[in-house]
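Structural description and commentary
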Amino acid sequence: MMMNTRNLFIILILTTVSMAGFGQTPEIHGYLRNYTGALTGQNGDFSIVQNTLDLDIEKSTLDIAFKANPYIYQYAHKDELDYGLREAYIDLYTDNMDIRLGKQQIIWGKADGVFITDVVSPKDLREFLLPDFDEIRMGITAAKLDYYIGNNTFELVWAPVFVPTHYPEENSIWFPQEYPDNFRFDYSQKDVTAGLENSEIFFKYSRLSQTLDIELMAGYMWDDDPAVHTRRYINQQTTQPDSAVVTPKHHRLSLVGGSFSGEVEGVVLRSEAAYYMGKKFATNDMSIQDGIVDNDYLHYLVGADFIIGGANVSLQFIQEAIMDYKDPLVQDEFSNTMTFLVNDDYFNNRLTLELFAYIGLDNEDALIRPKATYEIHSGLNLIAGANLFTGTEGRFGQYNENDMAYFKLRYDF
Amino acid sequence: MLHKRFKFRNIILLLLLLIPFMSNAQDLTGKEIIEKVYYRDDGDDRRGKLTMILVNSRGDKRVREIKQFDKDFGATEKKIMFFTAPADIRETSFLNWSYDDPAKDDDQWIYLPALGKVKRISSDSKDDYFMGSDFTYDDLGDRHPDEDTHKLLRTETLEGEECYVVESLPKEEGYMYSKTETWVIKDKWIGLQKKFYDEDGDYLKTLKVKEYKDYDGILVITHSQMHNAQKDHKTIMKYKDIELNAGIGSNYFTERMMSRGL
């Protein structure tokens, strides 16, 4: 605890000193938040009691800017603080070009609540998809160059160090229930050595125009999600596999993708797609080494945003499709999901009601997230909501014991 | 005596000269008056800081602050707004491209820092209230005269200013206002007051211009108030640090600036 706190202060001091080096006082903004959530299906056990300090320390001039975003999470059930720098970067601006160096969140695509071409920044899924998206998305150390011609943007990202998706630990209520008890995990190969040859590179072209906004992208990257190499052990007496060792391992991946959005008669139509070449999938075919095969993979969505009676409504259909599918892959050939969002505000924006839902169409499962936000005072908001899981299997149904009600009190300054 | 006769003759001459202009003014139609308001010189570009004070029936106040830039690009007007207060919406920005062609809907985008990306939004939001204020998105834009049928009702004096009172009925069915009445200051072509009636024809709200200033011959509204009588809620809007014809670059109205800020 002492060590952690000392380190924390060193980070903050270094951040402040580095900014003072610019000779100007930085602006400091941020928020304080209490987040208390209880599992409604498990005797009301608290699933989270968290206090957060999140700071934006920044300064901007015409040709240079910087930003540091230190955060501290304090949990009621833990002595140690969880803290770090979500972002810390320097911007250089010229007439037609911006360069950003440092730790940064990079966000691509037109999808809401779904990651399709949004593959540059890895995700922190230790609490599944429940945190705010700016907390799910992790910063990566990268060099980003944007070149502008009119309303056209050409973006190049080089990330020297691969950072994988963070998954829940085995003792977490969010650890996926995918494996039988006789499966053992070997994490010895999950890391990718930091080095030039293991860096990632991404490119994006985007354009805003009167009729259509488009993005085209490509990436040569590491798969943020590890392939689960599985070695099964045969029981000599039954000649059947009775145990297995699962070895998560990241692999190189190439993908191309794009997205568009445009408005027709007051309805904003959106689509986004990514095509992965040679993604690794787990198979139950025991004749295949480590139970892993290569397949191309398509991940896409179509969506529409419109207004009904003053309420904003958004619908998305998402499909994941494995090309040249051959049984017995562990994952289905097609996975279909829908999202639904409606929100409206009342009393001159003082109260906002929102309902967001992920609906798994294959397993009839869902995550339903009603939320009410009340502005008590300028910058001070009380948020109350719930995360309700339905179904018994699938991406959302597996958590049907984890229904949760929560409130958050957040003050922005 | 000669002097007096000369003066009298001059007055007669002057009146004779003025008659065509006076009759022109009298003959102005409602549409011509609204067109004069719409086409009144407002500079090629504009920048300033907008403060909105939202006051409910109990007198509780909430404040929204915005940096605003807009510029004419021929038949297109582009506007970008950066929300600076309260802190929970800081760094949110809004980009609007509107077109002289009344048949063409605006293009609108919003940048939400929590999402970290620019998102196109539906132009159907024009009847939504802007940031909880009593102004709709449409109230804040320039409504093209061809979208309504206008009728000059009368002339009258308001706040010491000689005004035309023009009634405007929307051509579009189901428009959020069944009728508006605008008090336009003669010769200045600035709307001093506007009354709005809801879809059912009931009186809804009144916009009052409290102050306007002359910037090198261009009149700019610097203080106005919208009072929603049905909700007894009002929004005070103040516009300051105004610069006209400041030479704002066309690159201000882009995705780049939405996410970077100005």
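In the block above lies the structure referred to throughout.
Residues numbered from 1 in each chain as written. Chains lettered and ligands numbered in written order. Predicted model: local features only at pLDDT ≥ 70, side-chain atom pairs only at ≥ 80, totals over all residues. Heavy atoms only, no water.

Looking now at the overall build of chain B. Scanning chain B for helices and strands turns up 4 helices and 13 strands. For chain B, the spread of C-alpha atoms along the principal axes amounts to about 80 × 45 × 40 Å. Expressed as a percentage of its 262 residues, the buried residues of chain B come to 47%. Nonlocal contacts in chain B, meaning residues at least 24 apart in sequence, comprise 43% of its contacts between residues at least 6 apart. (Helix = DSSP H or I, 4+ residues; strand = E, 2+ residues; numbered from the N terminus. Buried < 20%, exposed > 50% of the residue type's maximum accessible area, 1.4 Å probe, protein only. Contact = heavy atoms within 4.5 Å.)

Take the sheet that holds strand S9 (residues 183-185) of chain A next. All names here are of chain A. Reading across the sheet, the 3 strands line up as S9-S13-S12 and stay open at both edges, with mixed pairing between neighbours. At either margin of the open sheet sits one strand with a lone partner, and together these are S9 and strand S12 (227-234). Each neighbouring strand pair of the sheet contributes to a mean axis angle of 25°, computed without reference to strand direction. (Pairing = 2+ DSSP bridges. Axes fitted to C-alpha atoms, helices over the stretch in contact; angles between N-to-C directions.)

Let us now look at the nonpolar core. In terms of nonpolar packing, the biggest core is built from 26 residues, with Trp108(A), Val119(A), Val120(A), Val157(A), Phe202(A), Leu255(A) and Tyr276(A) touching the most fellow members. Elements that contribute at least two residues to this core include exactly strand S7 (140-149), strand S8 (152-159), strand S11 (212-222), strand S14 (252-264), strand S15 (267-282), strand S16 (292-308) and strand S17 (311-322) of chain A. Residue contacts for Val157(A): discarding those within four places in its chain leaves Ile106(A), Trp108(A), Val120(A), Ala142(A), Ala143(A), Lys144(A), Glu200(A), Ile201(A) and Phe202(A). In this structure, Met52(B), Met131(B), Tyr175(B) and Tyr239(B) belong to the second largest nonpolar core, which totals 25 residues. (Core = buried A, V, L, I, M, F, W, Y, C linked by side-chain atoms within 4.5 Å.)

A few words on the packing of aromatic side chains. All names here are of chain A. Under the counting rule described, the total for this entry stands at 32 aromatic pairs over all chains. For the ring pair Phe 128 and Phe 396, a centre distance of 6.1 Å and an interplane angle of 70° mean the geometry is edge-to-face. Of this pair, Phe 128 sits in strand S6 (residues 126-129) while Phe 396 sits in helix H3 (residues 394-397), and the two are 268 residues apart along the sequence. In this structure, Phe 128 and Phe 396 share a single accessibility class: buried. Ring pairing ties together the aromatic residues Phe 128, Trp 174, Phe 356, Tyr 358, Phe 389, Phe 396 and Tyr 399, which thus form one cluster. (Phe/Tyr/Trp six-rings, centres within 6.5 Å; stacked < 30°, edge-to-face > 60°.)

Another point: the pattern of salt bridges. Applying the stated criterion across every chain, the model contains 49 salt bridges over all chains. Residues Asp241(B) and Lys49(B) are paired through a salt bridge, measuring 3.6 Å at the closest nitrogen-oxygen approach. Residue Asp241(B) is located in strand S13 (residues 233-244), and its partner Lys49(B) is located in strand S1 (residues 45-55); the two are separated by 192 residues in the primary sequence. With relative accessibility at 47%, the residue Asp241(B) sits in the partly exposed group. Note on Lys49(B): relative accessible area 38%, which makes it partly exposed. Several salt bridges share partner residues, and in doing so they unite Asp56(A), Glu58(A), Lys67(A), Glu87(A), Arg90(B) and Glu91(B) into one network. (Salt bridge = Lys/Arg side-chain N within 4 Å of Asp/Glu carboxyl O.)

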